[in-house]
Amino acid sequence: LLPVIEAADKNSRDNMITLFLLAMGTLIVSHITISETLYYAYGHELNEPIVFFLLPQDNWFVLVVEALYMFVILFSFPYDIWVTNYVTEYLLFSSMRYSETRKWLKNLSRALIIAASLTVSTLFYDYIPHITGLAGILIGVPVVMITPALLNNDLYAKDNTC
């Protein structure tokens, strides 16, 4: 997604951002629907941090749902990692002019971010619920506090001198 957005013209880039937001909305709704359904079905028996471990593994329907959820996770990873790549590339490469070296350095940084996420998730598999909860608190709270102010400033501010 990032190389396509980078190479596209302004009109196409705006359309891609709309498609990206629609795809994110679909993924969010699917994650919430699956999580809420599992909670309502097994809420009184929750003793594992990952709900799928509580489901009966010999049921064919559960296996199909787990396979479908695996595909949701697999296809949502690029959307989830997009923000990390965007911020990293802005910090590292915003002062560089476009060149083949810059392009390959950006691809290297993306590969390193993916390798780091796979390494952390493999080494700390038992602690993933705690890591994601801590990351949600540390990242989610500032986003919830800052984003409305930024949107208000962008939509309603008469001048940006503040």
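Residues numbered from 1 in each chain as written. Predicted model: local features only at pLDDT ≥ 70, side-chain atom pairs only at ≥ 80, totals over all residues. Heavy atoms only, no water.

**Student:** Explain the overall build of the protein to me, and be specific about the residues and the numbers.
**Tutor:** Looking only at helices and strands, the protein has five helices and zero strands in total. Counting from the amino terminus, the protein carries its helices and strands in the arrangement α-α-α-α-α. Taking the contacts inside the protein whose residues are at least 6 apart along the sequence as the reference set, 49% of them involve residues at least 24 apart. Just so you have it, the protein exposes about 12,600 Å², and 70% of that area is on carbon and sulfur atoms. (Helix = DSSP H or I, 4+ residues; strand = E, 2+ residues; numbered from the N terminus. Contact = heavy atoms within 4.5 Å. Areas by Shrake-Rupley, 256 points an atom, 1.4 Å probe, with all protein chains shown as cover.)

**Student:** Go over the packing of aromatic side chains, please, and point to the residues and values.
**Tutor:** For the coordinates displayed, the defined rule picks out two aromatic pairs. Look at W60 and F61: their rings are 6.0 Å apart centre to centre, the planes differ by 85°, and that puts the pair in the edge-to-face class. Given the relative accessible area of 49%, F61 is considered partly exposed. With a centroid separation of 5.4 Å and an interplanar angle of 25°, the aromatic rings of W82 and Y86 are classed as stacked. Here W82 and its partner Y86 are both found in helix α3 (residues 60-93), four residues apart, which amounts to about one turn of the helix. (Phe/Tyr/Trp six-rings, centres within 6.5 Å; stacked < 30°, edge-to-face > 60°. Buried < 20%, exposed > 50% of the residue type's maximum accessible area, 1.4 Å probe, protein only.)

**Student:** Please provide a residue-by-residue account of helix α4 (residues 100-123), values included.
**Tutor:** Taking 1.5 Å of rise per residue, the 24 residues of α4 would be expected to cover 34 Å, and the 34 Å separating its terminal C-alpha atoms lies within 8% of that figure. Along α4, the residues that are buried comprise R102, K106, S109, R110 and I113. (Expected span 1.5 Å × (residues − 1).)

**Student:** Give me the layout of surface pockets: which residues, what numbers.
**Tutor:** Empty space within the largest pocket amounts to approximately 2,100 Å³. If you go around the largest pocket, you meet 39 residues; those closest to its centre are I73, F77, D80, I128 and T132. Listed by contribution, the elements that provide at least two residues to the lining of the largest pocket are α2 (10-42), α3, α4 and α5 (128-156). Of all the elements, α3 adds the most residues to the lining of the largest pocket, at 12 residues. Here the lining of the largest pocket is composed, by residue class, of 29 nonpolar, eight polar and two charged. (1 Å grid on protein atoms, 1.4 Å probe; cavity = no way out; pocket = protein on both sides within 12 Å on 5 of 7 lines; lining within 4 Å. Points joined across faces, edges and corners; volume = space filled by probe spheres on them. Nonpolar A, V, L, I, M, F, W, Y, C, P; charged D, E, K, R; others polar.)

**Student:** Now, about the pattern of salt bridges: what can you tell me, with residues and values included?
**Tutor:** Applying the stated criterion across every chain yields a total of three salt bridges. Several salt bridges share partner residues, and in doing so they unite E89, K106 and R110 into one network. (Salt bridge = Lys/Arg side-chain N within 4 Å of Asp/Glu carboxyl O.)

**Student:** A description of the nonpolar core should follow, citing residues and the corresponding values.
**Tutor:** Counting five residues, the largest nonpolar core is built from L38, F52, L55, V62 and Y69. Leave out the neighbours within four places in its chain, and F52 touches I34, L38, Q57, V65, E66 and Y69. (Core = buried A, V, L, I, M, F, W, Y, C linked by side-chain atoms within 4.5 Å.)

**Student:** I'd love a proper account of the packing of α3 against α4, names of residues and values included.
**Tutor:** At a minimum axis separation of 10 Å, α3 and α4 run at an interaxial angle of 130°. In terms of orientation, α3 lies oblique with respect to α4. Read as a crossing pair, α3 and α4 show a hand that is right-handed. Contact with α3, carried on its side by F77, I81, T84, N85, T88, E89 and F93, involves R102, L105, K106, S109, R110, I113, I114 and S117 of α4 and no other residues of that element. In terms of residue class, the contact of α3 with α4 is built from six nonpolar, five polar and four charged. (Axes fitted to C-alpha atoms, helices over the stretch in contact; angles between N-to-C directions. Parallel < 35°, antiparallel > 145°, perpendicular 65-115°, else oblique. Left-handed = near helix turned anticlockwise from the far one by under 90°.)

**Student:** Summarise a nonpolar patch on the surface; cite the residues concerned and give the values.
**Tutor:** Taken together, L134, I137, L138, I139, V141, V143, V144, M145, I146 and L150 make up a surface patch of nonpolar side chains, about 1,000 Å² in accessible area. When you line up the elements, I139 lands in helix α5. Take I139: its relative accessible area is 55%, and that puts it in the exposed class. (Patch = residues over 30% accessible without salt bridge, like charges linked within 9 Å, V, L, I, M, F, W, Y side chains within 5 Å.)

**Student:** Pulling in residues and values, what's your account of the confidence of the model for the protein?
**Tutor:** Per-residue pLDDT for the protein averages 78, and the proportion of residues at 70 or more is 81%. By mean pLDDT, helix α1 (residues 2-7) is the weakest element of the protein at 62, and α4 is the strongest at 90. (pLDDT = per-residue confidence, 0-100.)

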